[in-house]
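Here's the letter readout for the chains.
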Amino acid sequence: MSKFARIIGTGSYLPPTVVTNDDLSKTIDTSDEWITTRTGIKERRRVTDESTCDLAEIAANNALEMAGIDASELDLIILATTTPDKIFPATATMLQTAIGASCPAFDLQSVCAGFIFALTTAEQYIKTGAANKVLVVGSETLSRIVDWNDRSTAILFGDGAGAVVLSGSEETGILHSKLYSDGKYLSSLQVSNNYINETGFIEMAGNEVFKIAVNRLSSLAEETLKECNMSSDELDWMVPHQANLRIISAVAKRIKTPMDKVVVTLDKQGNTSAASIPLALDEAVRDGRIQKGQTLLFEGIGGGFSWGSVLVKF
Ligand SMILES: CC(C)(COP(=O)(O)OP(=O)(O)OC[C@H]1O[C@@H](n2cnc3c(N)ncnc32)[C@H](O)[C@@H]1OP(=O)(O)O)[C@@H](O)C(=O)NCCC(=O)NCCS
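Computed from a prediction, not measured in an experiment: that's the story for all the values here.

What counts, and at which threshold
- Residues numbered from 1 in each chain as written.
- Predicted model: local features only at pLDDT ≥ 70, side-chain atom pairs only at ≥ 80, totals over all residues.
- Pairing = 2+ DSSP bridges.
- Helix = DSSP H or I, 4+ residues; strand = E, 2+ residues; numbered from the N terminus.
- Axes fitted to C-alpha atoms, helices over the stretch in contact; angles between N-to-C directions.
- Near = placed C-beta within 6 Å.
- Nonpolar A, V, L, I, M, F, W, Y, C, P; charged D, E, K, R; others polar.
- Buried ≥ 20, exposed ≤ 12 C-beta atoms within 10 Å, placed from the backbone.
- Contact = placed C-beta atoms within 7 Å.
- Expected span 1.5 Å × (residues − 1).
- Domains from an automatic or database assignment.
- Core = buried A, V, L, I, M, F, W, Y, C linked by C-beta atoms within 7 Å.

Caption draft 1: Representation of the sheet that holds strand E6 (residues 133-141) within the structure. Reading across from one edge, E1-E7-E6-E4-E5 is the order of the five strands in this open sheet, with mixed pairing throughout. Both edges of this open sheet fall to strand E1 (4-13) and strand E5 (105-108), since each of them pairs with a single strand only. On average, adjacent strands in this sheet sit at an angle of 20° to one another, irrespective of strand direction. When E6 meets strand E7 (residues 159-169), the two strands line up antiparallel, connected through nine bridges. Its bridge partner lying in E7, Val 137 is registered against Ala 163.

The structure is reproduced here in structure tokens:
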């Protein structure tokens, strides 16, 4: 049994097609100014013919390469996604074959909190000794469930994938995690189709989601620091779910963390749901902002609602 689950590799992938705010304003009644002011988003990526598994495969291989391990050494794969390629089998099993692994693999659905839930699940496998090397991926092709004629949602979402490889460690790793769910808010944010013979799109009460997100994530960030006996000064980086810059800033302000200690990628990626935290993490690791030994706070909220945080010594 290992004392900690440590992140030993990160990876990500964005499909090449860029959709700018100006592109959207040609087909729906919106503007770059409105979208930038209300959300901080300038552009997002969109798949053409790539699947959720295709994006996950590239992100996973990048993370394995950084970790310096072969896919055959993995003990478990957890893929967080809201946009699986099929009703079944799990997209994680397709990913397992695509990267040449042979371990158990399953999908986890917790919408925009999916990466936090998957990371916490992986940590439990490692700490109980049931697994030593675990691949956790967040991958989304949300453009498939966005109504491109609905200006209240079409501006927000993007496609992409991010991944981490976790390993058992005696030194350091995930220090704390906390998960919450409250299913009362089903109608605030959902795809309401019955999955059998209807194609559904994201439906959202934006204003309500905004307020609840700020509220729940701020309280959670405070609670996490308190339970870890830490002050926000001891945090090196916040790596939040990338939904809206105003949500991120409000949470950072509540825990007195300056924005230069927050990794922000939504301007170029929009909200990529379960992929957004590992995408942001990988960018900041690869450009040298995040260094080994630093303390990172991940936090995010998604439909349900489900929300959670993970505090990591990287
Ligand atoms: C969606 C969101 C950006 C809308 O911003 P808002 O400030 O709450 O705006 P409102 O919904 O109150 O709409 C204000 C006005 O802008 C209009 N509007 C909505 N979308 C618009 C767009 N893309 N372009 C221009 N105008 C728009 C509305 O119709 C409304 O007009 P009205 O006052 O004439 O009725 C914001 O609520 C948000 O980000 N919520 C959180 C969503 C989220 O993060 N979801 C995922 C969680 S994981």
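Alright, that's what it looks like, and here's the rest.
Caption draft 2: Highlighting the site of the ligand. Inspection of the region around the ligand gives 20 residues, with Thr 30, Cys 112, Gly 206, Phe 210 and Ala 243 positioned closest. Those elements giving two or more residues to the shell around the ligand turn out to be helix H2 (32-39), helix H6 (151-154), helix H7 (206-227) and strand E12 (295-302). It is H7 that contributes the most residues to the shell around the ligand, five residues altogether. Taken together, the residues of the shell around the ligand sort by class into ten nonpolar, eight polar and two charged.

Caption draft 3: The arrangement of helix H4 (residues 91-99) in detail. Among the residues of H4, those classed as buried are Thr 91, Ala 92, Met 94, Leu 95, Gln 96 and Ile 99. Considering only its buried residues, H4 is in contact with helix H3 (52-67), strand E4 (76-80), E5 and E6. The positive-phi residue at the C-terminal boundary of H4 is Gly 100, with phi of around 80°.

Caption draft 4: Quick peek at helix H5 (residues 114-127). Across its 14 residues, H5 extends 20 Å between first and last C-alpha, which sits within 8% of the 20 Å expected from 1.5 Å per residue. Burial runs high along H5: ten of the 14 residues are buried. Of the positions making up H5, those classed as buried are Gly 114, Phe 115, Ile 116, Phe 117, Ala 118, Leu 119, Thr 120, Ala 122, Glu 123 and Ile 126.

Caption draft 5: Focus on the sheet that holds strand E8 (residues 174-181). Across the sheet, four strands lie side by side as E8-E13-E12-E11; this open sheet has mixed pairing. Each end of this open sheet is capped by a strand with a single partner; those strands are E8 and strand E11 (237-240). Here the average twist between neighbouring strands, direction ignored, is 10°. With respect to the sheet, H5 is in contact with E8, E12 and strand E13 (306-313), its orientation differing from that of E13 by roughly 55°.

Caption draft 6: Molecular detail of the domain arrangement of the protein. As far as domains go, the protein holds domain 1 (4-169) and domain 2 (174-313). Relative to domain 2, the C-alpha centre of domain 1 lies at a distance of 15 Å. Each side of the interface is counted separately: domain 1 has 48 residues, and domain 2 has 43 residues. Of all the elements in the fold, those that place two or more residues in the side of domain 1 that touches domain 2 are E1, strand E3 (43-45), H5, E6, H6 and E7. With seven residues, the single largest contributor to the side of domain 1 that touches domain 2 is H5. Class assignment of the residues belonging to the side of domain 1 that touches domain 2 gives a composition of 22 nonpolar, 17 polar and nine charged.

Caption draft 7: Region of the structure containing the nonpolar core. Counting 99 residues, the largest nonpolar core has Ile 78, Leu 95, Val 136 and Val 137 as the members making the most contacts within it. Among the elements that line this core, the one with the most residues is H3, at nine residues. When residues of this core are assigned to domains, at least three map to each of domain 1 (4-169) and domain 2 (174-313). If near-sequence neighbours (up to four positions away) are discounted, Val 137 is found in contact with Ala 56, Ala 59, Ala 60, Leu 79, Ala 80, Leu 95, Ala 161 and Ala 163.

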